[in-house]
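Results of the structural survey
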Amino acid sequence: MRVLDSGPRTEVFYEEGMSDYYLEDATFIEGLPGIGMVSKVAVAHILDALRDRAKRICRLYSPEFPSPAFVSDGRLLLNFADLYAVESPSPTLILYGTSQPSSSYGQHEFCYTVIELARKHGARRVFTVGGLGGREGISPRREVFCSSTDKENLEKFAKLVEGHVYSGQIVGAVGILMNLAGLMGMENMGMLIEVGDSTPDYYACRRAVWVLNRLANLGLEDVTVDELMRSYVRAAARLDV
């Protein structure tokens, strides 16, 4: 039963034959743009590294996505989010998107749709990641600050990513997806990674690749900042269509 029963709805368009796809005991990771573009760049790299194994399940359009569209080689591109599946080396559902909804209602409705889809297609744990700005003396490594709806989840998963317990505010999908996952009985953790003044902050993005790789057991090799920059440009050209 949906907790939001009025107002505009996110539309879901499945790839042929994928509406009943199920990935047993899957991990869900989120890659939407935000502060420092941390999550979007990291997930774009992950999908690029796993491009021979990643298959798209569906595409989502929210009426609450920002109105500006983009034109590439004369083709109009609307904002969207795609849900991908990777079966090996570890079952993983991956959300990659070009935008987040621009209103509070839109954020909650969109995130609820995403978590419903993730659970329907086999996700049992949810990991989100974003940027944490406004800090002085940030580490070159970029520290990770973790939160969860469950203390045991927080202790278990934060240790895997060498993270610190976070106190403060979380804005957008990073927090909403985590909270909805907790309401639906799914393991979860949200992570905020220190970002500097640059956007994207590729040092923070590299740390995000590292933490998501560890949490989802994706078996990826460490990536340098230069490699990540090239990978993101390559991946965005392929994914943002």
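Every value quoted in this text rests on a predicted model; they were computed, and no experiment measured them. (Residues numbered from 1 in each chain as written. Predicted model: local features only at pLDDT ≥ 70, side-chain atom pairs only at ≥ 80, totals over all residues. Heavy atoms only, no water.)

Turning next to the pattern of salt bridges. Applying the stated rule across the entire model yields 14 salt bridges. In this structure, the salt-bridge partner of Asp82 is Arg56, at a minimum N-O distance of 3.2 Å. Highlighted residues: Asp82 in strand β6 (residues 81-86) and Arg56 in strand β3 (residues 55-61), separated in sequence by 26 residues. In this structure, Arg59 and Asp82 form a salt bridge, with 2.7 Å as the shortest nitrogen-oxygen distance. Of this pair, Arg59 sits in strand β3 while Asp82 is found in strand β6, placing the two residues 23 residues apart along the sequence. On the basis of relative accessible area, Arg59 is assigned to the buried category, the value being 11%. Assessed through its relative accessible area of 0%, Asp82 is described here as buried. Residues participating in the shared-partner salt-bridge network are Glu15, Arg56, Arg59 and Asp82. (Salt bridge = Lys/Arg side-chain N within 4 Å of Asp/Glu carboxyl O. Helix = DSSP H or I, 4+ residues; strand = E, 2+ residues; numbered from the N terminus. Buried < 20%, exposed > 50% of the residue type's maximum accessible area, 1.4 Å probe, protein only.)

Moving on to the pairing of β6. With six of six residues buried, β6 is to be regarded as a mostly interior element. The alternating pattern of β6 places Ala81, Leu83 and Ala85 on one face and Asp82, Tyr84 and Val86 on the opposite face, and all of these are buried. In this sheet, β6 lies alongside β3 in antiparallel orientation, the contact comprising five bridges. When the bridges of β6 are listed, Arg59 appears paired with Asp82. Alignment of β6 against strand β7 (residues 92-97), held across six bridges, turns out to be antiparallel. Residue pairing in the sheet places Tyr84 in a bridge with Ile94 of β7. The turn joining β6 and β7, which pair antiparallel and follow one another in sequence, is formed by five residues. (Pairing = 2+ DSSP bridges.)

Attention now moves to the sheet that holds strand β9 (residues 144-147). One open sheet holds the nine strands; their spatial order is β1-β3-β6-β7-β2-β8-β11-β9-β10, and the pairing between them is mixed. Edge positions in the open sheet fall to β1 (11-14) and β10 (164-165), since each of these has one partner strand only. Of the pairings in the sheet, the one linking strand β2 (residues 26-31) to strand β8 (residues 123-132) comprises four bridges and is parallel in character. Bridging across to β8, Ala26 finds its partner in Ala123.

This brings us to helix α5 (residues 202-216). Owing to its 3.6 residues per turn, the α-helix aligns residues three or four sequence positions apart on the same side. Across its 15 residues, α5 extends 21 Å between first and last C-alpha, which sits within 8% of the 21 Å expected from 1.5 Å per residue. With 11 of 15 residues buried, α5 is to be regarded as a mostly interior element. Those residues of α5 that fall on the buried side of the exposure criterion are Tyr202, Ala204, Cys205, Arg207, Ala208, Val209, Val211, Leu212, Asn213, Leu215 and Ala216. The backbone nitrogen of Tyr203 lies 3.1 Å from a side-chain oxygen of the residue at the head of α5, namely Asp201. The positive-phi residue at the C-terminal boundary of α5 is Asn217, with phi of around 55°. (Expected span 1.5 Å × (residues − 1). Polar contact = N/O pair within 3.5 Å; in protein donor to acceptor, adjacent residues only side chain to side chain.)

Treat this as a map of the structure, not an account of what it does.
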